[in-house]
Amino acid sequence: MLHVLLSGNYDSFLAFGGILFAFAATVLAMAKLGIYLPKDAGREFAHDGKLSAGKPRGAGLIFVLAFVLAGILFAPVRAENIIYLILMVICMLTGFFDDASKTPWGEYKKGFLDLCVAALVALTYLQYNSNMVELALFDVRFTLHPIVFALLTVVLVWTSVNVTNCSDGVDGLSGTLTIITLMTIYLIDRILGRGENFSFLILLFAVCILGYLWYNATPSRLLMGDAGSRAMGLFISIAILKTGCPFLYIPVALVLILDGGLGLAKVFLLRFFKIHILKDVRTPLHDHVRKVWDWSNTQTVYRFAIIQIILSVAVVYGIQA
């Protein structure tokens with residue numbers, strides 16, 4: 001919006017101000033509004049899940065709205081980006097209403113809502129972008145049929161939302177991994193010269209997550225809940241789509257995929273095919289390493305982050321080479 005009001009070359013000034021605004025707005029809003037969030041009841045089946053009981057939950061409502069406000073004020077106005085911001089709010093609200101509900105929403109209800117949002121992302125992306133796909137690490141490009149591209153996009157978005165949601169269970173873990181993934185995508189954008197109109201939103205969202213982590217670092221004072229984790233997963237999927245290299249989602253978010261995704265795979269195979277895999281592995285993986293390997297919360301966050309950073313550095317170097 002300010003790009004329209006301020007004529008002239010103020011891009012650097014607006015970017016600087018936008019980043020500071022996004023962080024300050026998130027931190028201040030968390031401090032003032034966090035006490036009004038619903039309280040966590042503690043997760044019965046999670047390792048040390050009862051320690052979260054009584055903490056404000058659903059802080060994603062605050063940092064997602066702070067991000068949307070910063071994006072509207074400081075990022076270039078593009079119809080496509082506005083649609084994505086609206087879809088983020090919708091995804092966040094579905095998570096927040098689940099957080100605030102006395103009776104948790106069922107898996108099928110949430111899965112169906114995720115599917116609807118994923119379909120809208122696919123339709124929006126195809127409306128404004130090409131259906132060409134690049135395998136950046138192999139310098140290969142090909143064009144998919146729009147229907148095939150849309151179906152694969154729905155799978156990407158749905159997967160990203162749910163694995164990120166499932167990885168939220170240790171103070172600071174999901175937010176830290178999301179920031180690493182997003183900054184990797186931002187570097188890929190800059191190297192490939194893609195997503196000029198979207199890359200600044202990546203920085204704004206990363207800064208808003210940092211504002212949340214100010215209060216979520218061990219020992220946490222409040223929790224993001226489904227409101228935050230689902231919105232983060234949605235944003236990651238959109239950001240990787242905008243690079244034109246959607247298959248890079250696998251390496252740049254691999255720790256999120258393994259941490260949150262293995263549990264989804266176990267449940268799916270057991271429920272629908274009666275196949276029981278990884279019988280001796282607790283899922284999400286962050287529960288396994290804490291319960292079985294006796295890692296502390298801090299060790300879990302640092303070690304998972306280190307693994308993802310190494311993967312991200314390898315991807316960035318491979319693209320540049």
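Residues numbered from 1 in each chain as written. Predicted model: local features only at pLDDT ≥ 70, side-chain atom pairs only at ≥ 80, totals over all residues. Heavy atoms only, no water.

Novice: How would you summarise the confidence of the model for the protein if you had to cite specific residues and measurements?
Specialist: Any residue range with low pLDDT should be treated as having predicted coordinates unsuitable for detailed reading. Residues with a pLDDT of 70 or more make up 93% of the protein, whose mean pLDDT is 91. Helix α1 (residues 2–5) is the least confidently modelled element of the protein, averaging 56 in pLDDT, while helix α10 (residues 249–252) averages 98, the highest of any element. (pLDDT = per-residue confidence, 0-100. Helix = DSSP H or I, 4+ residues; strand = E, 2+ residues; numbered from the N terminus.)

Novice: Would you mind going over the environment of Gly-193 in detail, with residue names and values included?
Specialist: Looking at the secondary structure, you find Gly-193 in the loop between α7 (173–192) and α8 (199–216). Each C-alpha atom of the pair Gly-193 and Ala-31 lies 38 Å from the other, and the pair is 162 residues apart in sequence.

Novice: How would you explain the packing of α8 against helix α9 (residues 225–242) if you had to name every residue and give the values?
Specialist: Relative orientation and spacing of two packed helices are given, respectively, by the angle between their axes and the distance between those axes. Running from N to C, α8 and α9 point in directions that differ by 155 degrees, and their axes come no closer than 11 Å. Viewed along their axes, α8 and α9 adopt a mutual orientation that is roughly antiparallel. Crossing of α8 over α9 shows left-handed handedness. Contact residues: Leu-201, Ile-202, Phe-205 and Ile-209 in α8; Met-232, Phe-235 and Ala-239 in α9. (Axes fitted to C-alpha atoms, helices over the stretch in contact; angles between N-to-C directions. Parallel < 35°, antiparallel > 145°, perpendicular 65-115°, else oblique. Left-handed = near helix turned anticlockwise from the far one by under 90°. Contact = heavy atoms within 4.5 Å.)

Novice: Tell me about the pattern of salt bridges, and name the residues and values.
Specialist: Within this structure, the stated rule accounts for 11 salt bridges. When the shortest N-O distance is used, the salt bridge between Asp-226 and Lys-110 registers 3.8 Å. Taken as a pair, Asp-226 in helix α9 and Lys-110 in helix α5 (residues 107–128) lie far apart in primary sequence, 116 residues in all. Using a relative accessible area of 9% as the deciding quantity, one classes Asp-226 as buried. Overall, Lys-110 belongs to the buried group, its relative accessible area being 18%. Among the ionic pairs, Arg-290 bridges to Asp-287, the shortest N-O distance being 2.7 Å. Note that Arg-290 and Asp-287 are positioned in helix α12 (residues 285–291) at a spacing of three residues, about one turn of the helix. Of the two residues examined, Arg-290 and Asp-287, each falls in the buried class. (Salt bridge = Lys/Arg side-chain N within 4 Å of Asp/Glu carboxyl O. Buried < 20%, exposed > 50% of the residue type's maximum accessible area, 1.4 Å probe, protein only.)

Novice: Report on the packing of aromatic side chains, specifying residues and quantitative values.
Specialist: Using the criterion set out here, one finds 14 aromatic pairs in the structure. The interplanar angle of 80 degrees and the centroid separation of 6.2 Å between the aromatic rings of Phe-23 and Trp-214 together place this pair among those described as edge-to-face. In this pair, Phe-23 sits in helix α2 (residues 11–33) while Trp-214 sits in helix α8, placing the two residues 191 residues apart along the sequence. The class of Phe-23 is partly exposed, set by a relative accessible area of 29%. Each ring, one from Phe-67 and one from Phe-205, has its centre 4.8 Å from the other, and the planes form 55 degrees; the classification is tilted. In this pair, Phe-67 sits in helix α3 (residues 60–74) while Phe-205 sits in helix α8, placing the two residues 138 residues apart along the sequence. Here the two residues Phe-67 and Phe-205 agree in accessibility, since each one is buried. Chaining the aromatic ring pairs together yields one cluster made of Phe-63, Phe-67, Tyr-84, Phe-198, Phe-205, Tyr-212 and Phe-235. The ring of Trp-105 carries Lys-109 above its face, with NZ or CZ at 4.0 Å from the centroid. Over the ring of Trp-295 we find Arg-303, and its NZ or CZ is 4.8 Å from the ring centre. (Phe/Tyr/Trp six-rings, centres within 6.5 Å; stacked < 30°, edge-to-face > 60°. Lys NZ or Arg CZ within 6 Å of the ring centre and 35° of its normal.)

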